[in-house]
Amino acid sequence: MPETKSNSLSLLALQKFKKNFWGVLSFCFIVFCAFIAVFAYVFAPDNSQNANQMHLSIHSKPPGFKVKMLTIPSHDLSDQSFLSKVFFGEKNTDSEIPIDQYTIENNSLKITPYSEGEIIGASKEIELQSFPKGLTAEGVANKFIKERRFLLGTDKYGRDLLSRMLVGIRISFSIGFVAVLISLILGISLGAVAGYFGGKIDAMIMWLINVTWSIPTLLLVIAITLALEKGFWQVFIAVGLTMWVEVARIVRGQVLSIKQMQYVTAARALGYTNFRILAKHILPNSLAPVIVISAANFAAAILIESGLSFLGIGAQPPMPSWGAMIKDHYSYIILGKAYLAIIPGLGIMSLVMSFMLIGNALRDALDVKR
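An account of the accompanying structure is given in this report. None of the values given here were measured: they were computed from a predicted structure.

Some remarks on the state of the cysteines
Here's step 1: Tallying each qualifying case throughout the model produces 0 disulfides.
Here's step 2: The thiol sulfur of Cys28 is not disulfide-bonded, and the nearest other cysteine sulfur, from Cys33, lies at 11 Å.
Here's step 3: Residue classification places Cys33 among the buried residues on the basis of a relative accessible area of 6%.

Comments concerning the pattern of salt bridges
Here's step 1: Applying the stated rule across the entire model yields 4 salt bridges.
Here's step 2: Notably, a salt bridge pairs Arg252 with Asp202, separated by 2.7 Å at the nearest N-O pair. Residue Arg252 is located in helix H10 (residues 244-258), and its partner Asp202 is located in helix H7 (residues 199-214); the two are separated by 50 residues in the primary sequence. Taken individually, Arg252 and Asp202 each receive the classification buried, so the pair is uniform in this respect.
Here's step 3: Put simply, Arg363 and Asp364 hold a salt bridge, and the shortest N to O gap is 3.4 Å.
Here's step 4: Relative accessible area serves as the criterion here: at 43%, Arg363 is assigned to the partly exposed category.
Here's step 5: Asp364 gets classed as partly exposed once you look at its relative accessible area, which sits at 21%.

Section: the nonpolar core
Here's step 1: Ranked by internal contacts, the top residues of the largest apolar core, which has 30 residues, are Ile169, Phe173, Trp322, Leu351 and Phe355.
Here's step 2: Those elements that provide at least two residues to this core are helix H2 (21-38), helix H6 (161-197), helix H13 (288-311), helix H14 (322-329) and helix H15 (339-366).
Here's step 3: Per element, the largest residue contribution to this core is 10 residues, and it comes from H15.
Here's step 4: Those residues in contact with Leu351 that lie beyond four places of it in its chain are Phe29, Cys33, Ser172, Phe173, Ile302 and Trp322.
Here's step 5: Within the second largest apolar cluster, 16 residues are counted, among which are Val178, Ile182, Leu220 and Val235.

Some points on the side chain of Asp202
Here's step 1: Overall, the relative accessible area of 11% leaves Asp202 in the buried class.
Here's step 2: There is a polar contact of 2.7 Å between the side chain of Asp202 and the side chain of Arg252.
Here's step 3: Setting aside its immediate chain neighbours within four residues, Asp202 contacts Ala194 and Arg252.

About the criteria used
- Residues numbered from 1 in each chain as written.
- Predicted model: local features only at pLDDT ≥ 70, side-chain atom pairs only at ≥ 80, totals over all residues.
- Heavy atoms only, no water.
- Disulfide = S-S within 2.5 Å.
- Buried < 20%, exposed > 50% of the residue type's maximum accessible area, 1.4 Å probe, protein only.
- Salt bridge = Lys/Arg side-chain N within 4 Å of Asp/Glu carboxyl O.
- Helix = DSSP H or I, 4+ residues; strand = E, 2+ residues; numbered from the N terminus.
- Core = buried A, V, L, I, M, F, W, Y, C linked by side-chain atoms within 4.5 Å.
- Contact = heavy atoms within 4.5 Å.
- Polar contact = N/O pair within 3.5 Å; in protein donor to acceptor, adjacent residues only side chain to side chain.

Next up, the structure:
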(Lines give C-alpha, C1' and ligand atoms only; values in the text may rest on other atoms or scores of the structure.)
Protein backbone atom coordinates (compact mmCIF):
# COMPACT_ATOMS: atom_id res chain seq x y z
CA MET A 1 0.00 0.00 0.00
CA PRO A 2 2.72 2.61 0.85
CA GLU A 3 4.45 1.87 -2.46
CA THR A 4 1.21 2.33 -4.40
CA LYS A 5 0.58 5.59 -2.60
CA SER A 6 4.12 6.73 -3.33
CA ASN A 7 3.70 5.89 -7.02
CA SER A 8 0.38 7.74 -7.15
CA LEU A 9 1.89 10.83 -5.53
CA SER A 10 4.79 10.76 -8.00
CA LEU A 11 2.36 10.43 -10.88
CA LEU A 12 0.27 13.29 -9.52
CA ALA A 13 3.38 15.48 -9.21
CA LEU A 14 4.36 14.63 -12.80
CA GLN A 15 0.89 15.55 -14.07
CA LYS A 16 1.00 18.87 -12.21
CA PHE A 17 4.45 19.58 -13.64
CA LYS A 18 3.25 18.88 -17.21
CA LYS A 19 0.52 21.51 -16.78
CA ASN A 20 3.11 24.18 -15.94
CA PHE A 21 3.91 25.77 -19.32
CA TRP A 22 7.04 27.62 -18.20
CA GLY A 23 8.33 24.59 -16.32
CA VAL A 24 7.99 22.31 -19.35
CA LEU A 25 9.47 24.97 -21.66
CA SER A 26 12.43 25.45 -19.32
CA PHE A 27 12.95 21.70 -19.08
CA CYS A 28 13.02 21.39 -22.88
CA PHE A 29 15.46 24.29 -23.15
CA ILE A 30 17.76 22.76 -20.51
CA VAL A 31 17.70 19.37 -22.28
CA PHE A 32 18.49 21.12 -25.55
CA CYS A 33 21.42 23.00 -23.97
CA ALA A 34 22.67 19.78 -22.37
CA PHE A 35 22.63 18.06 -25.78
CA ILE A 36 24.53 20.98 -27.32
CA ALA A 37 27.03 20.88 -24.44
CA VAL A 38 27.81 17.19 -25.01
CA PHE A 39 28.12 17.46 -28.80
CA ALA A 40 29.37 21.06 -28.98
CA TYR A 41 32.25 20.30 -31.35
CA VAL A 42 29.89 18.53 -33.78
CA PHE A 43 27.77 21.68 -34.19
CA ALA A 44 30.51 24.33 -33.84
CA PRO A 45 31.75 25.77 -37.16
CA ASP A 46 35.22 25.95 -35.59
CA ASN A 47 35.74 22.44 -34.21
CA SER A 48 39.33 22.99 -33.11
CA GLN A 49 40.07 22.41 -29.43
CA ASN A 50 38.49 25.22 -27.38
CA ALA A 51 37.29 26.81 -30.68
CA ASN A 52 40.51 28.81 -30.63
CA GLN A 53 41.29 29.51 -34.30
CA MET A 54 42.43 33.17 -34.27
CA HIS A 55 42.37 35.53 -37.26
CA LEU A 56 43.37 38.97 -36.00
CA SER A 57 42.72 40.61 -39.37
CA ILE A 58 38.96 39.94 -39.01
CA HIS A 59 38.56 40.76 -35.33
CA SER A 60 35.30 42.18 -33.92
CA LYS A 61 33.26 41.62 -37.07
CA PRO A 62 29.44 41.89 -36.89
CA PRO A 63 27.07 38.91 -37.08
CA GLY A 64 26.72 37.50 -40.59
CA PHE A 65 30.22 38.58 -41.65
CA LYS A 66 31.57 36.63 -44.64
CA VAL A 67 35.15 36.25 -45.86
CA LYS A 68 37.15 33.96 -48.12
CA MET A 69 39.40 31.67 -46.07
CA LEU A 70 42.53 29.96 -47.39
CA THR A 71 43.46 26.82 -45.46
CA ILE A 72 47.09 25.67 -45.63
CA PRO A 73 47.14 22.05 -44.46
CA SER A 74 49.64 20.91 -41.91
CA HIS A 75 51.90 17.96 -42.66
CA ASP A 76 51.65 16.77 -39.06
CA LEU A 77 49.51 13.66 -39.03
CA SER A 78 47.27 13.44 -35.97
CA ASP A 79 46.45 10.03 -34.49
CA GLN A 80 43.41 11.47 -32.71
CA SER A 81 40.47 9.10 -32.46
CA PHE A 82 36.99 9.89 -33.79
CA LEU A 83 35.45 10.01 -30.30
CA SER A 84 38.19 12.36 -29.12
CA LYS A 85 37.38 14.73 -31.99
CA VAL A 86 33.65 14.59 -31.21
CA PHE A 87 33.93 15.25 -27.47
CA PHE A 88 37.17 17.24 -27.12
CA GLY A 89 37.64 18.96 -30.45
CA GLU A 90 40.10 18.40 -33.25
CA LYS A 91 43.82 19.01 -32.76
CA ASN A 92 43.93 21.35 -35.72
CA THR A 93 47.38 22.55 -36.78
CA ASP A 94 46.31 23.85 -40.20
CA SER A 95 46.95 27.53 -40.96
CA GLU A 96 44.03 29.71 -42.05
CA ILE A 97 44.43 33.04 -43.84
CA PRO A 98 41.46 35.38 -44.49
CA ILE A 99 41.84 36.80 -48.00
CA ASP A 100 40.21 39.53 -50.07
CA GLN A 101 40.90 37.97 -53.45
CA TYR A 102 43.16 35.54 -55.25
CA THR A 103 44.47 35.05 -58.78
CA ILE A 104 46.05 32.14 -60.63
CA GLU A 105 49.10 33.07 -62.68
CA ASN A 106 51.53 30.64 -64.32
CA ASN A 107 50.25 27.74 -62.21
CA SER A 108 50.87 29.68 -59.00
CA LEU A 109 48.42 31.06 -56.45
CA LYS A 110 48.59 34.75 -55.56
CA ILE A 111 46.46 36.00 -52.70
CA THR A 112 45.65 39.39 -51.20
CA PRO A 113 45.21 39.01 -47.41
CA TYR A 114 42.08 40.54 -45.93
CA SER A 115 42.54 44.15 -44.87
CA GLU A 116 40.25 46.60 -43.12
CA GLY A 117 38.75 49.59 -44.94
CA GLU A 118 40.29 51.00 -48.11
CA ILE A 119 43.83 49.82 -47.39
CA ILE A 120 44.78 47.09 -49.83
CA GLY A 121 47.06 44.43 -48.45
CA ALA A 122 50.23 43.42 -50.28
CA SER A 123 49.72 40.35 -52.45
CA LYS A 124 51.56 37.15 -51.57
CA GLU A 125 52.46 34.15 -53.67
CA ILE A 126 51.69 30.81 -52.08
CA GLU A 127 54.00 27.94 -53.00
CA LEU A 128 52.17 24.84 -54.18
CA GLN A 129 54.58 22.66 -52.20
CA SER A 130 52.55 23.59 -49.13
CA PHE A 131 49.61 21.62 -50.49
CA PRO A 132 49.11 17.92 -51.35
CA LYS A 133 51.08 16.80 -54.42
CA GLY A 134 49.40 16.54 -57.77
CA LEU A 135 47.17 19.60 -57.38
CA THR A 136 47.35 22.52 -59.77
CA ALA A 137 46.90 26.10 -58.58
CA GLU A 138 43.28 25.96 -59.74
CA GLY A 139 42.76 22.69 -57.89
CA VAL A 140 44.24 24.19 -54.73
CA ALA A 141 41.93 27.22 -55.03
CA ASN A 142 38.84 25.06 -55.48
CA LYS A 143 39.67 22.76 -52.57
CA PHE A 144 41.32 25.00 -49.99
CA ILE A 145 39.65 28.40 -50.49
CA LYS A 146 36.13 28.50 -49.07
CA GLU A 147 33.79 31.32 -48.12
CA ARG A 148 33.35 31.34 -44.35
CA ARG A 149 30.33 32.91 -42.69
CA PHE A 150 30.41 33.93 -39.03
CA LEU A 151 26.77 33.85 -37.92
CA LEU A 152 27.43 35.67 -34.62
CA GLY A 153 30.50 37.54 -35.85
CA THR A 154 34.01 37.31 -34.42
CA ASP A 155 35.51 38.31 -31.06
CA LYS A 156 38.44 40.66 -30.50
CA TYR A 157 40.88 37.90 -31.43
CA GLY A 158 39.07 36.99 -34.64
CA ARG A 159 37.62 33.75 -33.27
CA ASP A 160 34.17 32.51 -34.28
CA LEU A 161 31.80 33.78 -31.58
CA LEU A 162 29.15 31.11 -32.27
CA SER A 163 31.66 28.30 -31.75
CA ARG A 164 32.91 29.87 -28.53
CA MET A 165 29.33 30.19 -27.27
CA LEU A 166 28.51 26.55 -28.06
CA VAL A 167 31.64 25.17 -26.39
CA GLY A 168 31.17 27.61 -23.49
CA ILE A 169 27.88 25.89 -22.58
CA ARG A 170 30.00 23.00 -21.32
CA ILE A 171 31.58 25.14 -18.62
CA SER A 172 28.22 26.35 -17.32
CA PHE A 173 26.68 22.86 -17.28
CA SER A 174 29.78 21.24 -15.80
CA ILE A 175 30.11 23.79 -12.99
CA GLY A 176 26.41 23.46 -12.16
CA PHE A 177 26.39 19.66 -12.20
CA VAL A 178 29.60 19.13 -10.20
CA ALA A 179 28.83 21.89 -7.69
CA VAL A 180 25.30 20.58 -7.07
CA LEU A 181 26.61 17.01 -6.78
CA ILE A 182 29.19 18.04 -4.16
CA SER A 183 26.64 20.16 -2.28
CA LEU A 184 24.12 17.29 -2.23
CA ILE A 185 26.64 14.75 -0.97
CA LEU A 186 27.88 17.02 1.83
CA GLY A 187 24.56 18.71 2.61
CA ILE A 188 22.41 15.57 2.77
CA SER A 189 25.01 13.62 4.76
CA LEU A 190 25.70 16.29 7.38
CA GLY A 191 22.09 17.51 7.56
CA ALA A 192 20.71 13.98 8.03
CA VAL A 193 23.27 13.11 10.73
CA ALA A 194 22.65 16.38 12.59
CA GLY A 195 18.87 16.07 12.49
CA TYR A 196 18.70 12.36 13.34
CA PHE A 197 21.23 12.09 16.18
CA GLY A 198 20.85 15.58 17.68
CA GLY A 199 22.76 16.50 20.84
CA LYS A 200 26.45 17.37 20.57
CA ILE A 201 26.70 16.07 17.02
CA ASP A 202 23.89 18.41 15.96
CA ALA A 203 25.48 21.33 17.84
CA MET A 204 28.88 20.73 16.20
CA ILE A 205 27.47 20.44 12.68
CA MET A 206 25.26 23.49 13.17
CA TRP A 207 28.29 25.46 14.36
CA LEU A 208 30.12 24.48 11.15
CA ILE A 209 27.05 25.42 9.09
CA ASN A 210 26.71 28.83 10.77
CA VAL A 211 30.41 29.63 10.36
CA THR A 212 30.34 28.67 6.68
CA TRP A 213 27.07 30.58 6.17
CA SER A 214 28.51 33.76 7.68
CA ILE A 215 31.32 33.98 5.11
CA PRO A 216 30.33 35.73 1.86
CA THR A 217 30.00 33.09 -0.86
CA LEU A 218 32.10 34.86 -3.47
CA LEU A 219 34.85 35.60 -0.94
CA LEU A 220 34.93 31.96 0.18
CA VAL A 221 35.04 30.73 -3.42
CA ILE A 222 37.92 33.10 -4.20
CA ALA A 223 39.83 31.92 -1.11
CA ILE A 224 39.33 28.22 -1.97
CA THR A 225 40.19 28.82 -5.62
CA LEU A 226 43.43 30.60 -4.72
CA ALA A 227 44.30 27.84 -2.23
CA LEU A 228 43.74 25.14 -4.87
CA GLU A 229 45.32 27.29 -7.63
CA LYS A 230 43.50 28.50 -10.73
CA GLY A 231 42.03 25.85 -12.93
CA PHE A 232 39.00 24.09 -14.38
CA TRP A 233 38.28 21.51 -11.68
CA GLN A 234 39.44 23.72 -8.81
CA VAL A 235 36.59 26.15 -9.54
CA PHE A 236 34.06 23.31 -9.59
CA ILE A 237 35.22 22.04 -6.19
CA ALA A 238 35.36 25.55 -4.71
CA VAL A 239 31.80 26.39 -5.77
CA GLY A 240 30.50 23.01 -4.57
CA LEU A 241 32.11 23.45 -1.15
CA THR A 242 30.23 26.72 -0.64
CA MET A 243 26.75 25.50 -1.63
CA TRP A 244 26.19 22.58 0.75
CA VAL A 245 25.14 24.74 3.70
CA GLU A 246 21.61 25.51 2.55
CA VAL A 247 21.03 21.87 1.59
CA ALA A 248 22.22 20.74 5.03
CA ARG A 249 19.88 23.13 6.85
CA ILE A 250 16.86 22.02 4.82
CA VAL A 251 17.63 18.31 5.25
CA ARG A 252 18.21 18.77 8.99
CA GLY A 253 14.82 20.46 9.40
CA GLN A 254 13.08 17.75 7.38
CA VAL A 255 14.75 14.95 9.37
CA LEU A 256 13.86 16.59 12.70
CA SER A 257 10.21 16.56 11.64
CA ILE A 258 10.06 13.12 10.02
CA LYS A 259 11.93 11.22 12.73
CA GLN A 260 8.95 11.82 15.05
CA MET A 261 6.62 9.93 12.70
CA GLN A 262 5.08 6.63 13.80
CA TYR A 263 6.62 4.58 10.98
CA VAL A 264 10.10 5.67 12.12
CA THR A 265 9.28 4.62 15.68
CA ALA A 266 8.04 1.28 14.32
CA ALA A 267 11.28 0.82 12.37
CA ARG A 268 13.29 1.38 15.55
CA ALA A 269 11.10 -1.11 17.41
CA LEU A 270 11.80 -3.71 14.72
CA GLY A 271 15.52 -3.33 15.39
CA TYR A 272 16.52 -1.65 12.11
CA THR A 273 19.91 0.08 12.10
CA ASN A 274 20.14 3.86 12.14
CA PHE A 275 21.65 3.82 8.65
CA ARG A 276 18.73 1.81 7.25
CA ILE A 277 16.15 4.02 8.95
CA LEU A 278 17.82 7.12 7.50
CA ALA A 279 18.36 5.70 4.03
CA LYS A 280 15.09 3.79 3.59
CA HIS A 281 12.50 5.66 5.64
CA ILE A 282 13.55 9.26 6.39
CA LEU A 283 15.57 10.62 3.45
CA PRO A 284 13.20 9.44 0.66
CA ASN A 285 10.42 11.41 2.36
CA SER A 286 12.49 14.55 2.82
CA LEU A 287 14.01 15.07 -0.63
CA ALA A 288 11.22 17.11 -2.28
CA PRO A 289 12.53 20.49 -1.02
CA VAL A 290 16.08 19.34 -1.75
CA ILE A 291 15.19 18.82 -5.41
CA VAL A 292 13.83 22.36 -5.59
CA ILE A 293 16.87 23.90 -3.89
CA SER A 294 19.17 21.92 -6.21
CA ALA A 295 17.66 23.67 -9.25
CA ALA A 296 18.27 27.05 -7.58
CA ASN A 297 21.83 25.99 -6.66
CA PHE A 298 22.45 24.96 -10.27
CA ALA A 299 21.54 28.47 -11.38
CA ALA A 300 23.60 30.06 -8.58
CA ALA A 301 26.64 27.96 -9.54
CA ILE A 302 26.44 29.22 -13.13
CA LEU A 303 26.31 32.82 -11.91
CA ILE A 304 29.21 32.31 -9.48
CA GLU A 305 31.38 30.72 -12.18
CA SER A 306 30.57 33.58 -14.55
CA GLY A 307 31.56 36.07 -11.86
CA LEU A 308 34.82 34.22 -11.19
CA SER A 309 35.65 34.08 -14.89
CA PHE A 310 34.90 37.80 -15.14
CA LEU A 311 37.39 38.36 -12.31
CA GLY A 312 39.96 36.16 -14.06
CA ILE A 313 40.03 33.28 -11.59
CA GLY A 314 37.52 30.99 -13.26
CA ALA A 315 38.13 28.78 -16.30
CA GLN A 316 41.45 29.87 -17.78
CA PRO A 317 42.11 30.85 -21.43
CA PRO A 318 41.89 29.58 -24.08
CA MET A 319 38.99 27.59 -22.58
CA PRO A 320 35.79 29.40 -23.58
CA SER A 321 33.60 30.64 -20.73
CA TRP A 322 30.65 32.97 -21.01
CA GLY A 323 31.85 35.01 -18.04
CA ALA A 324 35.32 35.37 -19.55
CA MET A 325 33.77 36.40 -22.87
CA ILE A 326 31.93 39.23 -21.11
CA LYS A 327 35.15 40.25 -19.38
CA ASP A 328 37.03 40.37 -22.70
CA HIS A 329 34.41 42.51 -24.42
CA TYR A 330 32.58 44.65 -21.86
CA SER A 331 34.61 47.69 -23.00
CA TYR A 332 33.16 47.23 -26.51
CA ILE A 333 29.71 48.25 -25.20
CA ILE A 334 30.64 51.92 -25.60
CA LEU A 335 32.43 51.29 -28.91
CA GLY A 336 29.28 50.37 -30.84
CA LYS A 337 29.85 46.61 -30.62
CA ALA A 338 27.82 45.81 -27.53
CA TYR A 339 26.70 42.46 -28.99
CA LEU A 340 30.12 41.00 -28.14
CA ALA A 341 29.22 41.24 -24.44
CA ILE A 342 25.42 41.02 -24.76
CA ILE A 343 25.38 37.63 -26.55
CA PRO A 344 27.19 35.70 -23.77
CA GLY A 345 25.22 37.72 -21.22
CA LEU A 346 21.95 36.57 -22.79
CA GLY A 347 23.26 33.00 -22.72
CA ILE A 348 23.90 33.20 -18.98
CA MET A 349 20.56 34.90 -18.34
CA SER A 350 18.51 32.37 -20.33
CA LEU A 351 20.16 29.34 -18.72
CA VAL A 352 19.87 30.73 -15.18
CA MET A 353 16.24 31.76 -15.75
CA SER A 354 15.42 28.28 -17.07
CA PHE A 355 16.74 26.64 -13.91
CA MET A 356 14.87 29.11 -11.70
CA LEU A 357 11.61 28.52 -13.59
CA ILE A 358 11.99 24.75 -13.43
CA GLY A 359 12.72 25.07 -9.71
CA ASN A 360 9.46 26.99 -9.23
CA ALA A 361 7.57 24.40 -11.30
CA LEU A 362 9.01 21.55 -9.22
CA ARG A 363 8.09 23.38 -6.01
CA ASP A 364 4.47 23.67 -7.14
CA ALA A 365 4.34 20.08 -8.38
CA LEU A 366 5.82 18.57 -5.23
CA ASP A 367 3.65 20.62 -2.87
CA VAL A 368 1.06 18.10 -1.69
CA LYS A 369 -1.08 20.83 -0.12
CA ARG A 370 -1.99 22.33 -3.48
